[in-house]
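# Examining the three-dimensional arrangement
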Amino acid sequence: MIRRPPRSTLFPYTTLFRSGSLYGPSQVKMTESLSQHLSRRDSCPFQPHVGPAASAFLLVEATGGSGGGGYGSGGGRAGSVVSKGNGSPSKAAMGGNLAELQDLLKAGKSKEQGKRRRSSVRYAILQLFPSQVKTFVRENDWSPTNSIRSHLWFELCRHHSTDGMSSEGFYSETVDQVFERPEECAHLPSFVDQVNVLSYFLTEKGNLAARRVICVLGYTHPDITYCPGLYPLTSLFLHYMSEEDAYNSLCTLVRSRQGKFLHQTKLGYEAAWRTVYTLTKKHAKAAFAHLGKFVKTSDQVERLFESWYWWIFKYLPFTHLVRVVDCYLYEGKKVLYRVAMALVMLFAKQSAKMDSVLSQEALNFGLRQAIQKFCQDIPVTPSKLLKIAFGIRSLSQKNINNILLRIEMGLKSRTLITGPASIKRSFSSEGLPTSQSQINIHMSSHTLTVRELLTLWSWLPTRVTMYQPELVYTTEEHGCSLLTFYSRVQNYEPTLLIIKTTDDEIFGAYCSTKWSEKDTKGETGQKRTYFGTGETFLFTINPEMRKYPWVGLRHQEGSETTALKHSAELFMAADNKMLTIGGGSGQAIWIDENIRFGGTSRCDTFDNPPLSESRNFECKVVEVIGFK
């Protein structure tokens, strides 16, 4: 069992306090190197190693007087964290529970008192209305060195936990399993953005702890494929909590429902920047149009948003970043979207005059570099930045989710062209199989004639018509078992499922995703119930030739805020007992484990009528044509 280093040994960012307000003209820039900070001990309120008895490495209390109680955000003198005087939040009274929460967060200094305080903080948060907690976090302008975060961040993360925190000692035991020598962690998981491994002035021991946490997260959550935000959050958490608490807190964010906090795939990350682009274009029109003055093509503006995440986590000063994270840990990634939009609005305001320094920077060195520099030297306080972000009107969570969902579906379907608002159908009416392909399928298939084949081929995406088709499964040759079905078709993408009933009806589905997706885990760590993309469609061949595409394509042709039900995204589902296509208000196609009986009805995903007249059918032949 490893012994966790004390929090104090991780030595976080060391804020320098000079006379005057923390957010006034004398604000210290947060761009100095760690060595420069450490060389100025007379101005630094912390020491690099404060001893193993310290309860937290950012909890050095102010000396010489009781002003502020560790709660305010005013300026301070050398050697003190907060100043006397204005230590109360701007809204000190929001009901008994909220006042109690504020008192709890200000009280207690010893380790035992800290434990009791954390428990009480959790209870107080649970007693508050969500709007009260949200306002409490938004409107209290805590400094980076305020001790409140050592309790509040952990409890805000815990508040989102659906299955509780890991048992005590689990993290240490896992470290022992993963590393032969816990003090060495050479390789980071592949989901980390190696270019942006941000440490925020952690010491060598702090960086080692961050790498350890990230490696254990990769070990315990193997379904994470791309999550560049995890490393910066880990470094930030280690400023205010122990290594084990940081791991447990991050686990709750990773496992949050519907990916509220973190995108964990490259597709999700791309959908996020395209969402910020779309939101800015719609809700900050003037600022968005202003960006076009510094580029030659609209594509350059679009690509600018690829780095939106790093405007916040890499270029904002530490004072601003921790305040953004305060709100993010309760409200989720919508806070980041709003802050990114606010940064664009502020940039547009500061560069409104084309002869300004910022405008010349954008014209001479590029818009991307100009925005990065603007974020580094942002001219407003953290509270002003958040006020602008939360002041953006008509930007509801529902609207954000609808836009994000449509963009994700477009990316999954590989039909995104030049921007999030220009999603087109990818179905082809021109692609036809080669004569050899027609012969291959016609010679093998027991269900399709050449005329039927040509009709079906005209409905496929253009790129698929270039692939060589192969009959990979048929009940007449391979038997009637779902297990056999999966073993033969799971490595093919896409596939055509063709069903011929005992009444000689022929219908089926174009399945855009591998059937092996049934065994993969989603962002919550659980096996996916449904999978697939918006390219999936249904068809009937006999007695009528007709195609039923995904209903989402019709929504994409409407307004951006058109609501799309979750039941409209249930494309494919499979387990050892049943295979299903479509869902919501019914199933378009389902087949039992013996591939003998099935059913069909209207479903929300495709808005189709029953594909068989009798609704319940008996299979005569089931075939799968695969493409590689």
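In this report, we go over the structure that sits alongside the text.

What counts and what doesn't
Residues numbered from 1 in each chain as written. Predicted model: local features only at pLDDT ≥ 70, side-chain atom pairs only at ≥ 80, totals over all residues. Heavy atoms only, no water. Core = buried A, V, L, I, M, F, W, Y, C linked by side-chain atoms within 4.5 Å. Buried < 20%, exposed > 50% of the residue type's maximum accessible area, 1.4 Å probe, protein only. Helix = DSSP H or I, 4+ residues; strand = E, 2+ residues; numbered from the N terminus. Contact = heavy atoms within 4.5 Å. Phe/Tyr/Trp six-rings, centres within 6.5 Å; stacked < 30°, edge-to-face > 60°. Lys NZ or Arg CZ within 6 Å of the ring centre and 35° of its normal. 1 Å grid on protein atoms, 1.4 Å probe; cavity = no way out; pocket = protein on both sides within 12 Å on 5 of 7 lines; lining within 4 Å. Points joined across faces, edges and corners; volume = space filled by probe spheres on them.

### Observations concerning the nonpolar core
If you look at the biggest cluster of nonpolar residues, it comprises 111 residues, and the most contacted ones within it are L230, F305, W308, W311, I312, F313 and F347. If you tally residues by element for this core, the top one is helix α15 (residues 334–350), at 12 residues. Excluding residues within four positions of it along the chain, F347 makes contact with L291, F294, L358, A362, L367, A370, I371 and F374. Grouped together as the second largest cluster of nonpolar side chains are 39 residues, M409, Y473, V551 and C619 included.

### Some details on helix α5 (residues 149–159)
Residues lying three or four places apart along an α-helix face the same way, a consequence of the helix completing one turn every 3.6 residues. Burial analysis of α5 places nine of its 11 residues in the buried class, which makes it a mostly covered element. Taken together, the buried positions of α5 are R149, S150, H151, L152, W153, F154, E155, L156 and C157.

### So, unusual backbone geometry
In this model, E493 is joined to P494 through a cis peptide bond whose omega is 0°. You will see that Y200, though not glycine, has its phi angle at about 50°, which is positive. Tracing the sequence through the fold places Y200 in the loop between α6 (170–178) and α7 (204–220). Residue Y200 is classed as buried on the basis of its relative accessible area, which comes to 12%. One non-glycine residue, S585, lies in the positive phi region at around 65°.

### Considering the environment of W590
By the element assignment, W590 lies in strand β8 (residues 589–592). Given a relative accessible area of 25%, W590 falls into the partly exposed group. Residues W590 and A574, spaced 16 residues apart in sequence, show a C-alpha to C-alpha distance of 9.5 Å.

### Here's the deal with the packing of aromatic side chains
Summed over the entire model, instances satisfying the criterion amount to 28 aromatic pairs. Considering the side-chain rings of W153 and F237, the 5.7 Å spacing of their centres and the 55° angle between planes classify their relative orientation as tilted. Of this pair, W153 sits in helix α5 while F237 sits in helix α8 (residues 230–240), placing them 84 residues apart in sequence. The pair formed by W153 and F237 is uniform in burial state, with each residue classed as buried. On the numbers, 5.7 Å between centres and 55° between planes, the contact of F305 with W311 is tilted. Every member of this aromatic cluster is reached through a ring pair, and the members are Y226, Y269, W308, Y309, W310, F313 and Y337. Just above the ring of F390 sits the side chain of R138; from NZ or CZ to the centre is 3.6 Å. Its end group placed over the ring of F537, K547 keeps NZ or CZ at 5.1 Å from the ring centre.

### A short note on empty space enclosed by the protein
The gaps left among the atoms become clear once a water-sized probe is rolled over them. The final tally for this structure, using the stated rule, is four cavities of 30 Å³ or more. The volume enclosed by the largest cavity comes to roughly 110 Å³. Lining the largest cavity are 14 residues; nearest its centre among them are F261, L262, H263, Y269 and Y309. Elements with a minimum of two residues in the lining of the largest cavity: α10 (266–283), α13 (308–315) and α15.

### Examining the side chain of T513
Relative to the helices and strands, T513 is located in the loop between β3 (506–511) and β4 (537–542). Setting aside residues no more than four positions away along its own chain, T513 makes contact with E493, F531, G532, T533 and M572.

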